[in-house]
Amino acid sequence: MSNATSGGPGRIAGNGAVTARAPAKVNVHLGVGPLRADGFHELQTVFLAVSLFDTVTVRPGDGLSLTVRGEGAASGRGPASVPSDRRNLVWQAAELLARHAGVRADAGLEVDKSIPAAAGLAGGSADAAATLVALDALWNTHATRGDLATLAAQLGSDVPFSLLGGVALGTGRGEQLSPVLARRRWDWALGIAGEGLSTPTVYAELDSLRATGTLPAGDAAAPTEPVITALRSGPPAALAAALSNDLQAPALRLRPDLRRALRAATDAGARAALISGSGPTVAALADDEQSAVRLAAELAGAGVFRTVRAVHGPVPGARLVG
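**Description of the sheet that holds strand β9 (residues 272-275)**
With respect to topology, four strands assemble into an open sheet ordered β9-β10-β7-β11, the strand pairing being antiparallel. The sheet is open, and its two edges are formed by β9 and β11 (307-313), each paired on a single side. The mean inter-strand angle of the sheet, taken between neighbouring strand axes irrespective of direction, is 25°. The sheet strands contacting helix α10 (residues 257-267) are β9 and β10 (282-286), and the helix crosses β9 at an angle near 155°. Strand contacts of helix α11 (residues 289-300): β7 (186-192), β10 and β11, with the helix running at about 10° to β7, the strand carrying the most contacts.

**Structural notes on the pairing of strand β2 (residues 41-59)**
Most of β2 sits inside the fold, with 16 of its 19 residues counted as buried. Here strand β1 (residues 18-35) runs beside β2; their pairing, made up of 15 bridges, is antiparallel. Residue pairing in the sheet places K25 in a bridge with A49 of β2. Taking the residues that link successive antiparallel strands as the turn, the β1-β2 hairpin has five residues, and the phi of G39 there is positive, at about 90°. Alignment of β2 against strand β5 (residues 167-171), held across four bridges, turns out to be antiparallel. When the sheet's bridge partners are listed, L48 is paired in β5 with V167. By the bridge criterion, five bridges tie β2 to strand β4 (residues 107-113) in an arrangement that is antiparallel. Counted as the bridge partner of V56 is V111 from β4.

**What about unusual backbone geometry?**
Cis peptide bonds are those with omega within 30 degrees of zero, and the linkage from G234 to P235 qualifies with 0°. Tracing the backbone through its elements, the reader meets P235 in the loop between α7 (225-233) and α8 (236-242). For the bond running from G279 to P280, omega is 10°, close enough to zero to count as cis. The residue P280 is located in the loop between β9 and β10 in this model. Of note, the phi angle at A118 is positive, near 50°, even though the residue is not glycine.

**As for the layout of surface pockets**
As a volume, the largest pocket reaches approximately 1200 Å³. Lining the largest pocket are 47 residues; nearest its centre among them are S125, D158, T199, P200 and S278. Of all the elements in the fold, those that place two or more residues in the lining of the largest pocket are β1, β2, α2 (89-101), α3 (123-139) and α6 (199-211). Across the lining of the largest pocket, the residue classes break down as 20 nonpolar, 20 polar and seven charged.

**As for the pairing of β4**
The buried count for β4 comes to five of seven residues, which makes it a mostly enclosed element. Here strand β3 (residues 64-70) pairs with β4 via seven bridges, running parallel. Considered in β4, the bridge of G70 is made with K113.

**Quick look at the environment of A302**
Within the element layout of this structure, A302 appears in the loop between α11 and β11. Measuring from C-alpha to C-alpha, the distance between A302 and G218 comes to 35 Å, with 84 residues separating the pair along the chain.

**Examining the pattern of salt bridges**
As enumerated under the stated definition, the model contains 18 salt bridges in all. With its nearest N and O atoms 2.7 Å apart, the salt bridge here joins R36 to D38. Given the relative accessible area of 25%, R36 is considered partly exposed. Take D38: its relative accessible area is 45%, and that puts it in the partly exposed class. Between E71 and R309 there is a salt bridge, with the nearest N and O atoms lying 3.9 Å from each other. Note that E71 is positioned in the loop between β3 and α2 and R309 in strand β11, a separation of 238 residues in sequence. Since its relative accessible area comes to 25%, R309 is described here as partly exposed. Salt bridges linked by common partners bring R59, R69, E110 and D112 together as one network.

Basis of the calculations
Residues numbered from 1 in each chain as written. Predicted model: local features only at pLDDT ≥ 70, side-chain atom pairs only at ≥ 80, totals over all residues. Heavy atoms only, no water. Pairing = 2+ DSSP bridges. Helix = DSSP H or I, 4+ residues; strand = E, 2+ residues; numbered from the N terminus. Axes fitted to C-alpha atoms, helices over the stretch in contact; angles between N-to-C directions. Contact = heavy atoms within 4.5 Å. Buried < 20%, exposed > 50% of the residue type's maximum accessible area, 1.4 Å probe, protein only. 1 Å grid on protein atoms, 1.4 Å probe; cavity = no way out; pocket = protein on both sides within 12 Å on 5 of 7 lines; lining within 4 Å. Points joined across faces, edges and corners; volume = space filled by probe spheres on them. Nonpolar A, V, L, I, M, F, W, Y, C, P; charged D, E, K, R; others polar. Salt bridge = Lys/Arg side-chain N within 4 Å of Asp/Glu carboxyl O.

These figures capture arrangement, not role.
Okay, structure coming up:
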C-alpha cells in the first residue's frame, strides 16, 4: 500500500476488516466552460477538502455485497438516496480495482455516511476513493498512488480529489489535479438543505440558461489566482471576495428557496456564502473555529436547513483509519 495514500502500512483488523475514510469537498471556485463533445463540461475549479467524512469498511467475502448506513441510505431511490447495488460508485470502485489488479472481486462493503447525497459535497466520490484505499489494503494489490489516481478518474470527475484531499486546482472535467500548498486553516458552516439536487440536472439548467442568453456563454478560464492566493495566506476577507461558482445561478433557478438560505448565512455573520458545487448545500465562510460554531448554531435555529455542520479544511484525502 502506498504510504502517500494510506498514511502508513495497511491496517487489517483481527477480523480481517479494513476501514478507510474520505472527506467532503467545497468548490471555492468553479468556472464551467461549454459542453464538450464527450458530454462533459470543461472546468477550472479550486477544491477544498473539509472535515466531514464518510467511512468505508471492507471485509473478506464471497463476491461483492454492499450495506449503506446513515445519510441518504433509506430507499436507494431519488437523487438524494444511496443505492446498495452496482449503481453505487463503491461497488464500481471494487470491480475496477479487482480488474486492474487481476484479483477476484470478493468483499463485503459497508459504507457509513455522514456526507449527504446529492448535496454538492462529493459524498459518492468520497465513498469511491475510500473504497479504493481500503480494498488495496485488504486485497494486498500494492497499487501505487498513481495507479489509484488513474482508477479514480475512471470512476468520476471528483473521485481523484477525494483521494488527494487538501487543496487542489482541478482542470479538464475536474479530474486533472495540481495540488496547492495552503497551510492556513479555514472554518465553515455547511447548511444542508432538505432535498438533494441532481448534478446533471443543474448542468443542464446552466446550458439552458446560457442558450437563451439569460447567462453569458461559458468560460472556464476565469483567473484562479485570487482564490488560491487567499487560501494560502488569507485574510478571510480576501477569500470571501474571491469565492465564485458558475453553478450557483442554475441551482438557484431550480431551488429559489436557496436565496433565503444564502441570505440567512450572511445575516448570521458569515464572511460570505455560496452554493457548494451543484448544490444545494450552502457553504458559509467564518473567521475562525469559534465563529464557525456560533454561525452553525444560529443557522440551525433559522429553520432553512435540515442540518448544519461546522467544519474546517484543508484535511487529507482518503486514508486508512483504526
